[in-house]
Amino acid sequence: MPIVPDVPDVPQEPMPNAPQPAPEAPRAPQAPQKKSAGRDLGAAIGVGVGLGAVIVASLFIVKAVFIGVIAVAVVVGLWELTSRLEERKGIKAPLVPLAVGGAAMVVAGYVREAEGAWVAMALTALAVLVWRMTEPPEGYLKDVTAGVFAAFYVPFLATFVALMLTADDGPQRVLTFLLLTVVSDTGAYAIGWRFGKHKLAPRISPGKTREGLVGAVTFAMAAGALCMEYLIDGGTWWQGLLIGLAVGVSATLGDLGESMIKRDLGIKDMGTLLPGHGGIMDRLDSLLPTAPVVWLLFVIFVGSG
């Protein structure tokens, strides 16, 4: 087989009239992606303003109507919680005794104060144990345990809002509690969204940052000083600073607590009732654990009545 000698590559001259490839257009620099809140902010703001108007109107017009608003929120929250427990874990916490007992707990707290709330809590827990006996024994322990937990977590903690309302300046105390919690959440979101770099509890809630916690505490302390000075009888600005500090911490812990529950259940929201917010429980997460803290500090600083 003859060996063909290598022929060096000769650059080829382009044809005289051959079309030349068009030069590539320079790529426009990509704009940095903006952080997203992950929710429909327009719907969230609209729903929040609507809820706030209903709450404030009922709070200052007829106290009994506001108690009814709390009771309805408690029943819906219990329905969301027990529904998610059954869907995701197969836990059947009995809703009927929880709903009836939860509503009664709120009313008893308003009518008979702390003593009434404790008695109603005990009777609700007993009703859960008895009601579950009408079904087969399999899963009894986990069902009643979840039921007692739900009774404590939702209606019992909400009862402290009713206890605040029993004071002579009750509407102002409840308004202060609501304002400080909302301002704390707003401060956490605003500062965390803009400056957040260090995760607070990444395994529980990746969106929470230490900077956001500082924002929550700072905003709540400023609002607390103003509210205690101008809304609460006998209150002073330095008491408001301490209440704001406590609210910033308790609201954040409450948010993390519900995030822990949702992560265990493998869900993003407890419900879909409130556009832009999720469910009722997704709005009560920071309010519920904050209520007993604020009630106690009011009693220490300015008394119970």
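Everything here concerns the structure above.
So, a few notes on the structure that sits alongside this text. (Residues numbered from 1 in each chain as written. Predicted model: local features only at pLDDT ≥ 70, side-chain atom pairs only at ≥ 80, totals over all residues. Heavy atoms only, no water.)

Description of the environment of V247
Then, number 1: Along the chain, V247 turns up in helix 7 (residues 237-265).
Then, number 2: By relative accessible area, which is 0% here, V247 ends up buried.
Then, number 3: Through-space distance from the C-alpha of V247 to that of L180 is 6.8 Å; in sequence the pair is 67 residues apart.
Then, number 4: Apart from residues no more than four positions distant in its own chain, V247 is found in contact with L180, T181, S184, T290 and V294. (Helix = DSSP H or I, 4+ residues; strand = E, 2+ residues; numbered from the N terminus. Buried < 20%, exposed > 50% of the residue type's maximum accessible area, 1.4 Å probe, protein only. Contact = heavy atoms within 4.5 Å.)

Focus on a nonpolar patch on the surface
Then, number 1: On the surface, V119, L123, L126, L129, V130 and M133 cluster together to form a nonpolar patch covering roughly 560 Å² of accessible area.
Then, number 2: Position of L123 relative to the elements: it lies in helix 3 (residues 95-132).
Then, number 3: The exposed category is assigned to L123, whose relative accessible area is 54%. (Patch = residues over 30% accessible without salt bridge, like charges linked within 9 Å, V, L, I, M, F, W, Y side chains within 5 Å. Areas by Shrake-Rupley, 256 points an atom, 1.4 Å probe, with all protein chains shown as cover. Salt bridge = Lys/Arg side-chain N within 4 Å of Asp/Glu carboxyl O.)

Looking at the pairing of strand 2 (residues 205-209)
Then, number 1: Looking at chain direction, strand 1 (residues 199-201) and strand 2 are connected through two bridges and run antiparallel. Bridging from a neighbouring strand, K199 pairs with T209 of strand 2.
Then, number 2: With antiparallel pairing between neighbouring strands as the criterion, strand 1 and strand 2 make up a hairpin whose turn holds three residues. (Pairing = 2+ DSSP bridges.)

So, the side chain of S205
Then, number 1: Secondary-structure assignment places S205 in strand 2.
Then, number 2: Aside from chain neighbours lying at most four places away, what touches S205 is L256, S259 and R263.

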